[in-house]
Amino acid sequence: NPDFHHFGQTAFLPPGRYKLEGYLRTAAITGAEGLRLRVAGFQNASIFAETEALTGTNGWTPLSVTFDTPAGSPLVEIQLVRRHALRIDNQLTGRVWLDSVSLTPVR
């Protein structure tokens, strides 16, 4: 029942509003929790925003979320994650593809 958040990219963001966008494709993802994109503080691990999660089989699906970065948190990590599930999922299977991830300021 892993809490997976070990795949990401660090970015410097001045305080402001941003939009995270990306495309996920999934094949036979099992378990109570799916895969999603997340923006978290780099040093304090605060979660600023997450997209909805995908499970099962999905064609290329656009995911996006708008969030604010607070003052004092200039480094963020953009991550592909799977949250720890309340139900024990010890037989996870499936594949995921990630494409065209972008982070842009919202004016």
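Below is a summary of the structure that appears in this document.

Analysis parameters
Residues numbered from 1 in each chain as written. Predicted model: local features only at pLDDT ≥ 70, side-chain atom pairs only at ≥ 80, totals over all residues. Heavy atoms only, no water. Helix = DSSP H or I, 4+ residues; strand = E, 2+ residues; numbered from the N terminus. Rg over C-alpha atoms; globule rule 2.2 N^0.38 Å. Buried < 20%, exposed > 50% of the residue type's maximum accessible area, 1.4 Å probe, protein only. Contact = heavy atoms within 4.5 Å. Areas by Shrake-Rupley, 256 points an atom, 1.4 Å probe, with all protein chains shown as cover. Phe/Tyr/Trp six-rings, centres within 6.5 Å; stacked < 30°, edge-to-face > 60°. Lys NZ or Arg CZ within 6 Å of the ring centre and 35° of its normal. Salt bridge = Lys/Arg side-chain N within 4 Å of Asp/Glu carboxyl O. Patch = residues over 30% accessible without salt bridge, like charges linked within 9 Å, V, L, I, M, F, W, Y side chains within 5 Å.

1. Quick look at the overall build of the chain
Phase 1 of the analysis: Secondary structure assignment for the chain yields 0 helices and 7 strands.
Phase 2 of the analysis: When the helices and strands of the chain are placed in sequence order, the string is β-β-β-β-β-β-β.
Phase 3 of the analysis: Computed over the C-alpha atoms, the radius of gyration of the chain is 14 Å, within 12% of the 13 Å expected from 2.2 N^0.38 for a compact globule of 107 residues.
Phase 4 of the analysis: With respect to the three principal axes, the spread of C-alpha positions in the chain is 40 × 25 × 15 Å.
Phase 5 of the analysis: Buried residues in the chain amount to 34% of all 107 residues.
Phase 6 of the analysis: Within the chain, contacts between residues separated by at least 24 positions form 79% of all contacts whose residues are at least 6 apart in sequence.
Phase 7 of the analysis: Split by element, the accessible area of the chain, about 6,200 Å² in all, is 52% carbon and sulfur.

2. Details of the packing of aromatic side chains
Phase 1 of the analysis: Scanning the model with the defined rule gives 1 aromatic pair in all.
Phase 2 of the analysis: One Lys or Arg, R25, reaches over the ring of W97 and ends 4.0 Å from the middle of that ring.

3. Some remarks on the pattern of salt bridges
Phase 1 of the analysis: Scanning the entire structure with this criterion turns up 6 salt bridges.
Phase 2 of the analysis: Residue K19 pairs with E21 through a salt bridge whose shortest N-O separation is 3.8 Å.
Phase 3 of the analysis: Owing to a relative accessible area of 28%, K19 belongs among the partly exposed residues under this scheme.

4. Looking at a nonpolar patch on the surface
Phase 1 of the analysis: Together, F4, F7, L98 and V101 make up a nonpolar patch on the protein surface, roughly 320 Å² of accessible area in all.
Phase 2 of the analysis: Sorting the residues of the nonpolar patch by element identifies strand 1 (4–12) and strand 7 (95–105) as the ones contributing at least two each.
Phase 3 of the analysis: As for its placement among the helices and strands, F4 is situated in strand 1.

5. Considering the environment of D3
Phase 1 of the analysis: With respect to the helices and strands, D3 occurs in the segment before strand 1.
Phase 2 of the analysis: By relative accessible area, D3 is classed as partly exposed at 37%.
Phase 3 of the analysis: Put simply, D3 and V81 are 78 residues apart on the chain and 7.5 Å apart in space, counted from C-alpha to C-alpha.
Phase 4 of the analysis: In this structure D3 touches R82, R83 and H84, once residues within four positions along its chain are discounted.

6. Things to note about unusual backbone geometry
Phase 1 of the analysis: Backbone geometry at A28 places phi at a positive 55 degrees, although glycine is not the residue there.
Phase 2 of the analysis: Take A28: it is sitting in strand 2 (residues 16–29).
Phase 3 of the analysis: For S100, which is not glycine, the phi torsion reads 55 degrees and is therefore positive.
Phase 4 of the analysis: Tracing the sequence through the fold places S100 in strand 7.

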